[in-house]
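Read off the chains here:
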Amino acid sequence: MRAVVIGSGIGGLLTASFLAKNGYDVTVIEKSPYIGGRFTNLEYKGFGLSTGAFHMLPHGEDGPLAHLLGLLGANVQIVNSDPKGMILYNGRTFHYREGWKYLSLREKAKAMKLLADIKRNKLPTGEEAEMGGREWIREKIGNNEFVDLFIKSFLGWADSVLDVPAGELAREIKAALRWGGPGLVKGGCRSIPEALSSIILGNGGRIITRKRAIEIDAEAKRVITADNEEFPYDVLISNVGIKETVELIGGENFDREYLRRVDSLKPSEGIKYNVALKDEPGIGNTVVFTLDTERINGYNEPSSLSPELAKEGYTLIMLHHALQSRNVKAEQRKGIDDIYRIFPNLDKEGEILLVQTYLDGNPVNRVASGQTVEDFPISDVYIVGDAYKPPGGIEVEGIALGVMRTLERLGLGSFSDWYL
């Protein structure tokens, strides 16, 4: 059977790898000159930055993405963070477990009960599931400043939004309880698309870059590219977004209600800052949630695991904040002010290498976490990637969960134990 994959992001490459290993004739077409989308390395001033992600997986070697990579036999090394996270609060950076001391005994008891309920799969339903996640936490635990700032920081770092529905937040907490904290990828993001491309090519597949799809003829089952080449398919995997796929097929092929739902989907947007600091890593393989800042939500040090990502004598720091307004210049200024709060001697000890903004046609995620996305209504067409993340799936882990569902629909595996 012929499978065409539009887009070589992590979702597209993962699905293409499984298809190729299961005997499909796979062709991946990618409009860019490189593969990996927002999950590959970007060489800049002697540093290995990234096109989007932080060289880090939300659940490290124990999450859904690592599981799929293991099934494929992908040559990727992931190292779990230790500790799972740290917190910057009141001018101190400390182990996340110390955060409990900022809760009263009553608040701590309520928090422990909530975590136990989530672990037992007692999750919010109905109207409670739709209420704001931070408001839900306040109702369950109390109006505690530290807790609210931590949830805000976590969501800004993990989802590039400052709030999600309670049902989504509960599942993201459940995911952290089940699969643990983050982990860095040895060699940075690029290691994963490189490993997946080797699997695709090694099983007879093709990957064609600089090839842009401009139309999907769903009736004739063919993809037409900008240079008038046609790619017939039996199965089509789209890694370019739901709205974008609808446009390629043509809105007239969908009912009005579905188009209304698609139009209501909103992206998550943010700004990433790449900083070079002289000397050895300060925090190592972990993430710091920044509660003292106005915009920055968190940061990590990917060169602590992969020194080659930084110039000799330097550490690479990646910081991120979820956009709070459309005034990008003002947002960047506030983010940079925060960087100097975290690293007051930056001018003497390093520099801001590059500021990357993700919005409009290049957002953090095409569909922000917490939004319901139904299966695509056109037969033999499947959506994967950051526009199709099942509940509770953070960033690339959510992409992996979406790929699992697609593989199940194609009869290529059973992954029900992984769903949240």
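Keep in mind it's a predicted model, so treat the numbers as computed, not measured.

## A word on the environment of arginine 171
Mapped onto the fold, arginine 171 is located in helix H7 (residues 166-179). Spatially, the C-alpha atoms of arginine 171 and isoleucine 118 are 7.8 Å apart, while their sequence positions differ by 53 residues. With sequence-adjacent residues up to four places away left out, arginine 171 is seen in contact with Leu123, Pro391, Gly392 and Leu420.

## Describing the nonpolar core
Judged by nonpolar contacts, the single largest core of 50 residues is most densely connected at Leu14, Val26, Leu65, Leu69 and Ile192. Contributing elements (two or more residues each) for this core: strand E1 (2-6), helix H1 (10-21), strand E2 (25-29), helix H2 (64-72), H7, helix H8 (191-202), strand E14 (235-238) and helix H13 (395-409). Residues contacting valine 26, with those up to four places away along its chain left out, are Ala3, Val5, Ala16, Leu19, Ala20, Ile200, Gly205 and Arg206. With 42 residues, the next largest nonpolar core counts Leu49, Met56, Ala158 and Phe289 among its residues.

## Digging into the sheet that holds E1
Strand order in this open sheet of 5 strands is E10-E2-E1-E14-E20, and the pairing throughout is parallel. Looking at the sheet topology across the chains shown, the edges are occupied by strand E10 (206-208) and strand E20 (381-383). Averaged over all adjacent pairs, the angle separating strand axes in this sheet is 15°, with direction ignored. By the bridge criterion, 3 bridges tie E2 to E10 in an arrangement that is parallel. Bridge pairing in E10 places valine 28 opposite isoleucine 207.

## Focus on the layout of surface pockets
Estimates place the volume of the second largest pocket at around 310 Å³. In this structure, the second largest pocket is lined by 16 residues; those nearest its centre are Glu168, Gly370, Gln371, Thr372 and Pro391. Secondary structure elements with two or more residues in the lining of the second largest pocket: helix H4 (126-130) and H7. By residue class, the composition of the lining of the second largest pocket is 7 nonpolar, 4 polar and 5 charged.

## Concerning unusual backbone geometry
In the segment running from aspartate 82 into proline 83, the intervening peptide bond is cis, with an omega of 5°. For aspartate 279, which is not glycine, the phi dihedral falls at a positive 85°. Here aspartate 279 lies in the loop between strand E15 (270-278) and strand E16 (287-290). Residue classification places aspartate 279 among the exposed positions, given a relative accessible area of 56%. In this structure, aspartate 360 takes a positive phi of about 50° despite not being glycine. The residue aspartate 360 is located in the loop between strand E19 (350-358) and E20 in this model.

## What about the pairing of strand E3 (residues 41-44)?
In terms of strand pairing, E3 meets strand E4 (residues 47-50) through 4 bridges, oriented antiparallel. Across the sheet, residue asparagine 41 finds its bridge partner in E4, namely serine 50. What sits between the antiparallel neighbours E3 and E4 is a turn of 2 residues, in which lysine 45 has the positive phi angle 55°.

Each value, and the rule that gives it
- Residues numbered from 1 in each chain as written.
- Predicted model: local features only at pLDDT ≥ 70, side-chain atom pairs only at ≥ 80, totals over all residues.
- Heavy atoms only, no water.
- Helix = DSSP H or I, 4+ residues; strand = E, 2+ residues; numbered from the N terminus.
- Contact = heavy atoms within 4.5 Å.
- Core = buried A, V, L, I, M, F, W, Y, C linked by side-chain atoms within 4.5 Å.
- Buried < 20%, exposed > 50% of the residue type's maximum accessible area, 1.4 Å probe, protein only.
- Pairing = 2+ DSSP bridges.
- Axes fitted to C-alpha atoms, helices over the stretch in contact; angles between N-to-C directions.
- 1 Å grid on protein atoms, 1.4 Å probe; cavity = no way out; pocket = protein on both sides within 12 Å on 5 of 7 lines; lining within 4 Å.
- Points joined across faces, edges and corners; volume = space filled by probe spheres on them.
- Nonpolar A, V, L, I, M, F, W, Y, C, P; charged D, E, K, R; others polar.

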